[in-house]
Amino acid sequence: MTPFSIAAPLVAVGLLASAPAAKAQTYAADVPASVRTPETVETGPLGTLRFFDGLPDEETVRKVYDNLDFSRGVEAFLSGMPAASVYALCSGYEDAGMPAHAVGISEDLLDARSLWLTANSTTVYVTTCLDLKQGPVVVEVAPGLLGAVDDAFFRWDTDIGVTGPDQGRGGRYLFLPPHYDGPVPALGYYVIRTRTNLHWLFARAFVTDAGLEAAVAGVKAGTKAYLLAEAASPPEQVFVDLSGRKMNTIHANDATYFDELNAVVQNEPGDAFDPEIAGLFASIGIKKDVPFEPDARMKKILADAAAVGNATARALAFRPRDRDRYYYYPDRQWFTSFVGGSHEFMDNGALGLDDRTMFHYVATGITPAMAAPQVGTGSVYAFTPHDATGAYLDGGKTYKVTLPGPVPAKDFWSFVVYSTQHRSMLETDQRLAGLDSTLEGVTADEDGSYTVWFGPEPPEGREDLWVQTMPGEGYAVILRLYGPLDPWFDKTWKPGDLERVE
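Quick look at the structure, then. (Residues numbered from 1 in each chain as written. Predicted model: local features only at pLDDT ≥ 70, side-chain atom pairs only at ≥ 80, totals over all residues. Heavy atoms only, no water.)

A separate point is the state of the cysteines. Simply put, the disulfide is a covalent bond whose two ends are the sulfur atoms of two cysteines. Applying the stated criterion across every chain yields a total of one disulfide. A disulfide bridge connects Cys90 with Cys129, and the sulfur atoms are separated by 2.0 Å. Its S-S torsion of about -95 degrees marks the bond between Cys90 and Cys129 as left-handed, since a negative value means left-handed. Here Cys90, found in helix 3 (residues 81-95), pairs with Cys129, found in strand 6 (residues 124-131); they are 39 residues apart in sequence, far enough to count as distant. Summarising the burial analysis for this pair, Cys90 and Cys129 share the class buried. (Disulfide = S-S within 2.5 Å. Helix = DSSP H or I, 4+ residues; strand = E, 2+ residues; numbered from the N terminus. Buried < 20%, exposed > 50% of the residue type's maximum accessible area, 1.4 Å probe, protein only.)

So, on to the sheet that holds strand 21 (residues 434-436). Strand pairing in a sheet takes place through backbone hydrogen bonds and is either antiparallel or parallel in direction. Strand order across the open sheet formed by four strands is 18-24-20-21, with antiparallel pairing between neighbours. Each edge of the sheet is formed by a strand with only one pairing partner; in this case those strands are strand 18 (379-384) and strand 21. For this sheet, the mean angle separating the axes of adjacent strands, direction not counted, is 10 degrees. The pairing of strand 18 with strand 24 (residues 475-484) spans six bridges and is classified as antiparallel. Residue Val380 lies in a different strand from strand 24, and its bridge partner there is Leu481. (Pairing = 2+ DSSP bridges. Axes fitted to C-alpha atoms, helices over the stretch in contact; angles between N-to-C directions.)

Next up on the list: the pairing of strand 19 (residues 399-403). In regular strands, side chains alternate between the two faces of the sheet. Only one face of strand 19 is buried: it carries Tyr399, Val401 and Leu403, and the other face, with Lys400 and Thr402, is open. Looking at chain direction, strand 19 and strand 22 (residues 450-455) are connected through five bridges and run antiparallel. Along strand 22, the bridge assignment pairs Val401 with Val452. Bridge analysis of strand 19 against strand 25 (residues 499-500) gives two bridges, and the strand direction is antiparallel. Within the sheet, the bridge partner assigned to Lys400 lies in strand 25 and is Glu499.

Applying the stated criterion across every chain, the model contains 17 salt bridges. Between Arg431 and Asp108 there is a salt bridge, and its shortest N-O distance comes to 3.2 Å. Taken as a pair, Arg431 in the loop between strand 20 (409-419) and strand 21 and Asp108 in the loop between strand 4 (103-105) and strand 5 (114-115) lie far apart in primary sequence, 323 residues in all. Using a relative accessible area of 35% as the deciding quantity, one classes Arg431 as partly exposed. Here the salt bridges share partners, and the residues they tie into one network are Glu59, Arg62, Asp66, Asp69 and Arg297. (Salt bridge = Lys/Arg side-chain N within 4 Å of Asp/Glu carboxyl O.)

Here's what the structure looks like:
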């Protein structure tokens, strides 16, 4: 069979074009102009498109197929980001010597040496990846944690700890693989049925008056991850100290992104993703049990798609155009990606595509407790890369921000600065990449307010309330309130903007 070609029909087209005009048909419809396709159509993206009686010529066909592959490549970059992000996390752990079911813990907190989206330097992180291809997995959760588990497409499985079914008392969670039909223990577990093989567990252990070492010891005493088949005699738990460890947990922003996405699709069951998402991936050659082997033409298109997808994600994350992303529009620069208060990015029946991309480009960890926390529990986040005028923050300038008193946080508040390049903690000479209200020297003014300074050098006498930035580098700031109180939710309390002072 000869390959499909439109060349032969074009010969006939040429003959027909020179033939005498046909006489009017007996059975003629009144065809509106809006239904017809003209012989030539001028477009901005593709230039001139040509047709004979609605039939696209060969050059037009080439243009539209290239454009179709490109546009689907861009959309696959944006819509596949949740999957690529989980893949990058678990691959980063493995590269750093932490295989599935080993538990990572930041025994001396995290710092900018670890590339990790929106990590902070104020709480103890507890994390692991679960591989359900090996069978059902048990996770024993220590008391007092705050966290969740997400699947391979960053869909929420369950909360654990304070906001989970164990309510902070600790407990055993049993994660069942997709389509699992084996025996399930009748008692003793919170049972979670899942859609994917790979899952990411993330939690925080808060440092109390007992100190950091006590918090770490509590985690190690009560945390385990092992196969259900090993439940009668679990192996000794492997812990990996993540503090100071150089590791990358961020997905690629070039054409290798699509290799990461393909790795996810191949690792998961065919029905792990919604059919429309799976169809989008398949349209660019990423399909379950099919080798991903783009030819030279498609490699070029996907490289361009990754570049445009990356630029699009950065525009969404750093310059949101919709007013409802902003907490206090128009008089504050703080914004969020959880517009509808839904961890699934739903708003009045519509999936917020831009919100989903915005979140996953700069952040990790999906849980209802994050998107719609309750008064006095969990945490809330306000994000900005802007100063009070809307200009991008400049690491060579000095800014100050005031939190009016009293700050509505039952537990504590924190600021952390992030690179706008890799979106992890900003690399400076200041280990914590921020500060929080639990630190010695972070004291309120007489009216209960706090004024914090950001800049390359500390203002004289303000060293304890200063966050270092770097000349020549942009950055973004996240304000976190742990245990947010009513004034946050009813917006009677507003954080100040970062005001440039020099």
